[in-house]
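# Working through the structure, step by step
Given next are the chains, with one letter for each unit.
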Amino acid sequence: MITEFKLPELGENILSGTVVKIPVKTGDSVKKEDTVLEIEASKATIEVPSPVDGIIREIAVQEGQEIKVGQLIMKIQTEGAKGAPEGKTEAKAPPPAQHAPIREEKAAAPPPETAEEVAAAPSVRRLARERAVDISKVKGSGPAGRILEEDVIAYARGIKKEQPAPEIQQELLPDFTQWGEIECVPMGATRLHIARHLSAAWHVIPHVTHFDKADITELEITLKKYSTRERALTITPFLIKIAASALKLFPHFNASVDMRKREIAYKKYFNIGVAVDTEKGLVVPVIRDVDKKNIFAIADELKEVSKRARANKLTIAEMQGGCFTITNLGGIGCTSFAPIIHWPEAAILGVPRSRWEPVYIDKQFVPRKVLTLSLSFDHRIIDGAEAARFLRWICQTAEQPLLLEMEG
Amino acid sequence: MLVLGAGPGGYAAAFMAADLGLAVTLVDEEINPGGVCLFRGCIPSKALLHASKLISDSREAAGIGIDFGKPVIDLKKLREWKDHVVQKLTAGLGQLCARRTIHYIRGHGRFLDSGSMEVKGSEGAEQKISFDHAIVASGSKPVTLPVASASRRVLDSTSALNLEDIPGQLLIVGGGYIGLEMGTVYCELGAEVSVVEMAPNLLPGTDSDLTDVLHARLARHFKSIMLTTRVTKVEEEGGGLRATLQGQDGKISRQHFDKMLVAIGRTPNSKGLGLENTDAELTPDGFLRVDPQRATTDPRIHAIGDVAGEPMLAHKATHEGRVAAISLSGGKAAFEPRAIPSVIFTNPEIAWCGVTETEARKRNIRFTITKFPWAASGRAATINRMDGFTKLILHPDTGRILGVGIVGDGCGELISEGVVAIEMGARASDLELCIHPHPTLSETIMESAQLATGYGTHFFKPQS
Ligand SMILES: Cc1cc2nc3c(=O)[nH]c(=O)nc-3n(C[C@H](O)[C@H](O)[C@H](O)COP(=O)(O)OP(=O)(O)OC[C@H]3O[C@@H](n4cnc5c(N)ncnc54)[C@H](O)[C@@H]3O)c2cc1C
């Protein structure tokens, strides 16, 4: 017998949900109460159990699909009353009349799913050919997975989108020559890459930027004290180290969101990227396993990597695998700024130039070296309060580096 | 563009290419387009089968109270009528050719290289034609039986269609569709027909449940059907032929026949075309090797129809012809059918399309079957022909229609519904939910689909 399994009631006032996972596939046998579907409704994930023992014959929903209570989700073949498979039960039915129709079921190895077996009308197959779409790759939205014209069109569009990074539609530029002379120069590869990457990041990540101030008077004295001719300590290696410790304390900052899979990837490694300004444009080499290195080692590596970045000698691998980025414009100026997150990371720390500011301490204003740090973060996974705590921790640690040892 | 051979493949390709704006030359030995199909295949054989059906239907009418008596057969007139049908259709094709300003050349063509052909006219006149692209549509010819000498009494399908006379005793060598169709014609016209077939069943390769129904009827009308039997020797003997037959157990018998029809298959016409002067390659079976656009291994030469591979059927040739012409005109076409229908015009007819049961087993495809017997069809009862059934081969999980097989009176006209269903990716439930006209034999397709999805109207099956 075939049981049509419809989405049961999931709870009070929950009428629909989104399929987040289908842990079974056609042909699987399931036991009653085995989870056959995971649904997200009202921000909770609900596991939907099978109502019967049997074999899944058809799955009528797809991951990501919005489904309603009462909607058919799958067909499950249950075993006959005496435990015989369906075909045999039928054979046991009273012998049919002389010319009785025969319904037999023959099971053999599943057919190889070749392109030939895709269900699509000849006109749809022709459309696919004309659009250079491999029809065997298209997912059909019709009954029993039949591929419709719309599916082919959607797929053709999808392919085009996937090839280069999404080009954000832009209005045509006006004719500037009406106001004066111009010169048009083609974009170099690096510039083009940066442009695309930043547009995409800005487009997909809802950015929020927080600012906070760190009193680095003492820190600067310390850094100067330990600087040598060979190794001039700046604040960047120190911030790199603090950032790695902060990621450990605040794991949401060491994460990436995957909206398609509806997953968040938490990273168990601590690689920090540092934005380096070069002639060709911005590049971001990555310093790996910062948690295992001391500040001197980080300073040496940073110096070496920046030198190679400016000489245009970085490999692609050296610019990949970062968890969090620090961008320091202090050498140039700026009182504070809101950087764009280096996708697929979750946050970025902006470092401007420190300034002497009057700070009210013990009932009087005293001159202190103050750094206004900024933190842009992905608001999809990081809430504002958490970001404030994260940035505060960085500022406090800059003021009292002992925290690095106590908490970091 | 040049097209060699004006059968249903070649003329369809030429017409399509001309309609798409190409300058087309069509070369064939006959006076008009038509090929084997019209001159000595489908059309004359179906005309004669129509005549033989009239004879058997009128004979069987006696059973429902209408006795026409013994028919008087005017063989000359029958022959003339058949020839007239062929002449009319081929002349029509000739006109269609002229209307499209296709350059039709009568003669035997031979490739000189991948860009030119020499055509020898019937009067020995020769001409050389250059082309950018060529389509080979040279068709096929009957395979001869080595042991049968070149005797006037040994026929092939072409001479059998000429209907010179009706032999008293006719031996048909080969139980394929051509042998059985011609056997049916000669049997109804009065010959005593015997069939020998090497394989253990008629129509080798066809689902045996379908052929069983035909076999049962033929066994009543033919003198004998000898399976797993081969002809080992044929000799002229006193105004006839003596055939030596060897059965499965090795037992040898000698029998006398007036004539013999050899119908043991067809072989592609790929020799003598000068293909060795091109880069087109042949398969071990002598077919031209082609890709989905029907291009051969020589990029300037395409091939279609019987010479390009099985199944050797006219409608397959025509479809390929259009694919090749469209693709040569820059269109995106491909030969990728899900269902090529086959019809055997015996009495009863057999028709199928898509995956057969035999093929599904061989390829390890999972399937379910439903069969609706014509005994439960109102229409079959009113035409007094309950010998038949309609079978659907379905995907066991989705109910998608993979194949359709039918045996029964006139079922060749029913199979196209199966072709459309398969090509559209339809499921049994789609056919079940389409209203079919009553009372017609087409209802058997709907009722078969009903059985697949649950309850049939005209058949009660207790549910477990
Ligand atoms: C008795 C019989 C009954 C049949 N019944 C059916 C049926 O009911 N349904 C069906 O679908 N099929 C049937 N067929 C098969 C059908 O006839 C063929 O599949 C079909 O004709 C193939 O078409 P084609 O275009 O490939 O070539 P053909 O029809 O074989 O035509 C080829 C043409 O090329 C010409 N030619 C070959 N070489 C040269 C050359 N070098 N120079 C010039 N001209 C050349 C030939 O003279 C011929 O005219 C039947 C065949 C036979 C013999």
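Residues numbered from 1 in each chain as written. Chains lettered and ligands numbered in written order. Predicted model: local features only at pLDDT ≥ 70, side-chain atom pairs only at ≥ 80, totals over all residues. Heavy atoms only, no water.

Take the overall build of chain B next. Helices and strands together make up the secondary structure of chain B, namely 13 helices and 23 strands. Across the 464 residues that make up chain B, the buried fraction comes to 55%. In chain B, of all internal contacts separated by at least 6 residues, the share reaching a separation of at least 24 is 62%. Counting every atom, chain B has about 20,000 Å² of accessible surface; 54% of that belongs to carbon and sulfur. (Helix = DSSP H or I, 4+ residues; strand = E, 2+ residues; numbered from the N terminus. Buried < 20%, exposed > 50% of the residue type's maximum accessible area, 1.4 Å probe, protein only. Contact = heavy atoms within 4.5 Å. Areas by Shrake-Rupley, 256 points an atom, 1.4 Å probe, with all protein chains shown as cover.)

Here we take up helix 4 (residues 75-99) of chain B. All names here are of chain B. In a regular helix each residue adds 1.5 Å, so 25 residues correspond to 36 Å; helix 4 covers 36 Å between its end C-alpha atoms and thus fits that length. Here helix 4 has its buried residues at L75, L78, K82, V86, T90, L93, G94 and C97. One side-chain oxygen at the N-terminal end of helix 4 lies 3.2 Å from the backbone nitrogen of K76; it belongs to D74. At the exit of helix 4 stands T101, carrying a positive phi of roughly 50°. (Expected span 1.5 Å × (residues − 1). Polar contact = N/O pair within 3.5 Å; in protein donor to acceptor, adjacent residues only side chain to side chain.)

Bringing a nonpolar patch on the surface into the picture now. Residues and elements named next belong to chain A. Together, L173, F176, W179 and I182 make up an exposed nonpolar region whose accessible area comes to about 460 Å². By the secondary structure assignment, L173 is in the loop between helix 3 (149-162) and helix 4 (189-204). For L173, a relative accessible area of 61% gives the class exposed. (Patch = residues over 30% accessible without salt bridge, like charges linked within 9 Å, V, L, I, M, F, W, Y side chains within 5 Å. Salt bridge = Lys/Arg side-chain N within 4 Å of Asp/Glu carboxyl O.)

Between two packed helices, both the angle of their axes relative to each other and the distance between the axes serve to describe the pair. All names here are of chain B. Interaxial distance between helix 3 (residues 42-61) and helix 6 (residues 177-188) falls to 9 Å at its minimum, and their mutual angle equals 50°. By the angle class used here, helix 3 and helix 6 are oblique. Of the two possible hands of crossing, helix 3 and helix 6 adopt the one that is left-handed. Contacts between helix 3 and helix 6 involve S45, K46, L48, L49, S52, I55, S56 and R59 from the former and E181, M182, T184, V185 and E188 from the latter. (Axes fitted to C-alpha atoms, helices over the stretch in contact; angles between N-to-C directions. Parallel < 35°, antiparallel > 145°, perpendicular 65-115°, else oblique. Left-handed = near helix turned anticlockwise from the far one by under 90°.)

The next subject is the sheet that holds strand 6 (residues 126-130) of chain B. Residues and elements named next belong to chain B. A sheet is described by the order of its strands in space; here three strands give the open sequence 4-5-6, paired in antiparallel fashion. Strands with a single pairing partner mark the edges of an open sheet, and in this sheet they are strand 4 (108-113) and strand 6. Ignoring strand direction, the axes of neighbouring strands in this sheet form an average angle of 25°. Examined bridge by bridge, strand 4 and strand 5 (residues 116-120) share five bridges and lie antiparallel to one another. Along strand 5, the bridge assignment pairs H108 with K120. (Pairing = 2+ DSSP bridges.)

Let us look at the environment of P352(A). Residue and element names in this part refer to chain A. The topology assignment puts P352 in the loop between strand 18 (347-351) and strand 19 (355-361). Judged by its relative accessible area of 3%, P352 falls in the buried class. Between the alpha carbons of P352 and N328 there is a distance of 6.1 Å; along the sequence they are 24 residues apart. Every residue in contact with P352, bar those within four places of it in the chain, is listed here: N328, G330, G333, C334, T335, S336, F337, L371, T372 and L373.

As a further point, take the packing of aromatic side chains. Both the distance between ring centres and the angle between the ring planes are used here to describe each pair of aromatic rings. Residue and element names in this part refer to chain A. All chains considered together, the criterion is met by eight aromatic pairs over all chains. Between the aromatic rings of F250 and F253, the centroid separation amounts to 6.2 Å while the plane-to-plane angle is 85°, which identifies the pairing as edge-to-face. With a centroid separation of 3.9 Å and an interplanar angle of 10°, the aromatic rings of F253 and F390 are classed as stacked. Of this pair, F253 sits in the loop between helix 6 (235-249) and strand 11 (255-258) while F390 sits in helix 8 (residues 384-399); the two residues are 137 residues apart in sequence, bridging distant segments of the chain. Among the residues examined, F390 registers a relative accessible area of 0% and is labelled buried. (Phe/Tyr/Trp six-rings, centres within 6.5 Å; stacked < 30°, edge-to-face > 60°.)

Strands belonging to one sheet form pairs held by backbone hydrogen bonds; the direction of such a pair is parallel or antiparallel. All names here are of chain B. Pairing is parallel in the open sheet, where five strands are placed in the order 9-16-10-11-12. Of all the strands in the sheet, just strand 9 (154-155) and strand 12 (224-226) have a single pairing partner and so form its edges. One ladder, built from two bridges, connects strand 9 with strand 16 (residues 259-262); its direction is parallel. Looking at strand 16, one finds that L155 is bridged to L261.

Before going further, it helps to examine the side chain of K259(B). Residue and element names in this part refer to chain B. In this structure, K259 sits in strand 16. A polar contact of 2.9 Å, which involves the side chain of K259, links it to the side chain of D165. With residues near it in sequence (within four places) discarded, K259 still touches R152, R153, L155, E164, D165, P167, Q169, L170, L171 and L241.

All names here are of chain A. Mapped onto the elements of the fold, A201 is located in helix 4. Counting along the chain gives 144 residues from A201 to E345, while the straight-line C-alpha distance between them is 9.6 Å. Sequence-distant contacts of A201, defined by excluding residues within four places in its chain, comprise H207, I340, I341 and W343.

Residues and elements named next belong to chain B. Taken together, 37 residues lie near the ligand, and G9, D28, K46, D306 and A314 sit nearest. In the environment of the ligand, an oxygen atom lies 3.5 Å from a nitrogen or oxygen atom belonging to the backbone of P8. Within the side chain of D28, one N or O atom sits 2.8 Å away from an oxygen atom of the ligand. Relative to its unbound accessible surface of 990 Å², the ligand loses 96% to contact with the protein. When contributions to the shell around the ligand are tallied by element, the ones reaching two or more residues are helix 1 (8-19), helix 2 (35-40), helix 3, strand 4, helix 6 and helix 8 (314-328). Among the elements that take part in the shell around the ligand, helix 2 stands out by supplying four residues, more than any other. Of the residues contributing to the shell around the ligand, the split by class is 15 nonpolar, 16 polar and six charged. (Near = heavy atom within 4 Å. Nonpolar A, V, L, I, M, F, W, Y, C, P; charged D, E, K, R; others polar.)

Residues and elements named next belong to chain A. Of all residues in chain A, 85% have pLDDT values of 70 or greater, and the mean over the chain is 83. For the stretch residues 81-116, pLDDT sits under 50, and the model shows 53 contacts to residues farther than four places along the chain or on other chains. Across residues 162-166, where pLDDT falls below 50, the model places two contacts with residues more than four positions away in sequence or in other chains. (pLDDT = per-residue confidence, 0-100.)

In this section: the packing of helix 1 of chain B against helix 8 of chain B. All names here are of chain B. Running from amino to carboxyl end, helix 1 crosses helix 8 at an angle of 30°, the nearest separation of the two axes being 7 Å. Judged by the angle between their axes, helix 1 and helix 8 are roughly parallel. Classified by chirality, the crossing of helix 8 by helix 1 is right-handed. In contact with P8, G9, A12, A13, M16 and A17 of helix 1, helix 8 contributes A314, A317, T318, G321, R322, A325 and I326. In the contact of helix 1 with helix 8, the residues fall into nine nonpolar, three polar and one charged.

Here we come to the pattern of salt bridges. According to the stated counting rule, one finds 49 salt bridges over all chains in the structure shown. The partner of E423(B) in a salt bridge is R125(A), with the nearest N and O atoms 2.4 Å apart. Highlighted residues: E423(B) in helix 11 (residues 415-423) and R125(A) in helix 2 (residues 122-130), drawn from two different chains. Residue class for R125(A) comes out buried when judged on its relative accessible area of 3%. Here R308(A) makes a salt bridge to E304(A), at a shortest N to O gap of 3.0 Å.

Bringing the environment of S58(B) into the picture now. Residue and element names in this part refer to chain B. Assignment of secondary structure puts S58 in helix 3. In the structure, S58 is positioned 11 residues away from G69 in sequence and 8.5 Å away in space, judged by C-alpha atoms. Beyond its immediate sequence surroundings of up to four residues, S58 is in contact with I66 and F68. For S58, the side chain forms a polar contact with the main-chain oxygen of I55, separated by 2.9 Å.

Quick look at the nonpolar core now. In a soluble, globular protein the nonpolar side chains are often hidden away together inside. Ranked by size, the top nonpolar core spans 47 residues in total, and within it F253(A), F324(A) and L375(A) carry the most contacts. The biggest single contributor to this core is helix 6 of chain A, with nine residues. Those residues in contact with F324(A) that sit more than four places away from it in its chain are A243(A), L247(A), N271(A), I272(A), G273(A), E345(A), A347(A), I348(A), L349(A), L375(A) and F390(A). Listed in part, the 35 residues of the second largest apolar core include V185(B), Y186(B), L261(B) and V407(B). (Core = buried A, V, L, I, M, F, W, Y, C linked by side-chain atoms within 4.5 Å.)

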